[in-house]
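Overview (structure and organization)
Residues per chain, in single letters:
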Amino acid sequence: MHPILLNLGFLKIYTYGFCIAIGFIIAVNIFIKKAKSYGYDEKFLENLIFSIFFAGLLGARGLYIIINFKFFYQNPIEIFKIWNGGLVFFGGFIVGFIFLIFYLKKYKIPLFNITDLLTINIPLAHAFGRIGCFMAGCCYGKETNSILGVVYKNQNCLAPINIKLLPVQLFEAIFNFSLFFFLYKYSKNKNLDGKITSLYLIYYSMFRFFIEFFRGDDRGNILFLSVGQFISCFIFLFGIYLWIYLKKKISQ
């Protein structure tokens, strides 16, 4: 498609990075506005978001490097070229979540108050990220004869060129936009008790497990599952456990 949004010669703006930036800015603004309505300090929220962002970025890039270790071992300079694509969502999510636990514990803030507010907006930022993936050609789908198929012709794209591929990145973007609107609507007049977090974990892991069957890029395997599917299983089970635990806790 169009991996480079703007080329001024001395400056290149990559579509992948641009989409991630737009999604991040919009999601952060919604998060801060909603969190402030619950009484949280804006400065604290800003520091929290940027800390999680960098922790998540390291996790997302780190897992991508692990999955593609042979390539990066032979081309170590490519490790730093994030603008070309190459972030694994689950890596960022897991590292960011672990960091969040310790961060909130330090300030003695209830975990689910913040995770609920964050998970409302994660699919929104993720949706823009998947649009960026589509433009860059990463995370591409399997070869297809379907009318939904797209053909990459730009040599700079990460996807195979001149082959009709399923636009799984756009399928996931549509799902994530839908999940955002659902969670946002669900959150109205709801307590920040962790249910929003568990719903996000359940719905996204289910979809991710399914869409992985239609991915055409090499994502590594664990047993007979892709890495994404393997992680999705654990996130789904944790989401179910969390939902049951919270229901019992609230009913007591």
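1. Here's the deal with the overall build of the protein chain
Summing up its helical and strand segments, the protein chain has eight helices and six strands in all. For 252 residues, the compact-globule estimate of 2.2 N^0.38 gives 18 Å, and the protein chain sits close to it at 19 Å. Taking the principal axes of the C-alpha coordinates as reference, the protein chain spans close to 60 × 45 × 35 Å. Relative to its full complement of 252 residues, the protein chain shows a buried share of 46%. In the protein chain, 67% of the contacts between residues at least 6 apart in sequence involve partners at least 24 apart. Carbon and sulfur atoms provide 68% of the accessible area of the protein chain, an area that totals close to 13800 Å². The distance from the centre of the 25 positive side-chain charges to the centre of the 11 negative ones in the protein chain is 4 Å.

2. What to know about unusual backbone geometry
Residues apart from glycine generally show negative phi values, whereas peptide bonds are mostly found in trans. Notably, Lys108 is not glycine yet its phi reads approximately 55 degrees, a positive angle. In this structure, Lys108 sits in the loop between helix 4 (89-107) and helix 5 (111-136).

3. Section: helix 6 (residues 168-187)
Across its 20 residues, helix 6 extends 28 Å between first and last C-alpha, which sits within 8% of the 28 Å expected from 1.5 Å per residue. Where helix 6 is concerned, the buried positions are Val168, Gln169, Glu172, Ala173, Asn176, Leu179, Phe180, Leu183 and Ser187. In a view along the axis of helix 6, the buried residues occupy a sector of 135 degrees, so they form one face of it. Those residues of helix 6 that are exposed and aimed more than 90 degrees away from the buried face are Ile174, Phe181 and Lys185. For helix 6, the elements touching its buried residues are helix 1 (15-36), helix 5 and helix 7 (195-211).

4. Let's talk about the side chain of Glu172
Mapped onto the secondary structure, Glu172 falls in helix 6. Residue classification places Glu172 among the buried residues on the basis of a relative accessible area of 2%. Filtering out sequence-adjacent residues up to four positions away, Glu172 remains in contact with His126, Arg130, Tyr204, Phe207, Arg208 and Ile211.

5. Describing the environment of Met1
With respect to the helices, strands and loops of the structure, Met1 is situated in the segment before strand 1 (4-7). The exposure class of Met1 is partly exposed, given its relative accessible area of 24%. Not counting residues up to four positions away in its chain, the partners in contact with Met1 are Phe134, Met135, Val150, Val151, Tyr152, Asn154 and Cys157.

The rules behind these values
- Residues numbered from 1 in each chain as written.
- Predicted model: local features only at pLDDT ≥ 70, side-chain atom pairs only at ≥ 80, totals over all residues.
- Heavy atoms only, no water.
- Helix = DSSP H or I, 4+ residues; strand = E, 2+ residues; numbered from the N terminus.
- Rg over C-alpha atoms; globule rule 2.2 N^0.38 Å.
- Buried < 20%, exposed > 50% of the residue type's maximum accessible area, 1.4 Å probe, protein only.
- Contact = heavy atoms within 4.5 Å.
- Areas by Shrake-Rupley, 256 points an atom, 1.4 Å probe, with all protein chains shown as cover.
- Lys, Arg positive; Asp, Glu negative; His and termini not counted.
- Charge placed at Lys NZ, Arg CZ, Asp CG, Glu CD.
- Expected span 1.5 Å × (residues − 1).
- Arc of directions from axis to C-beta.

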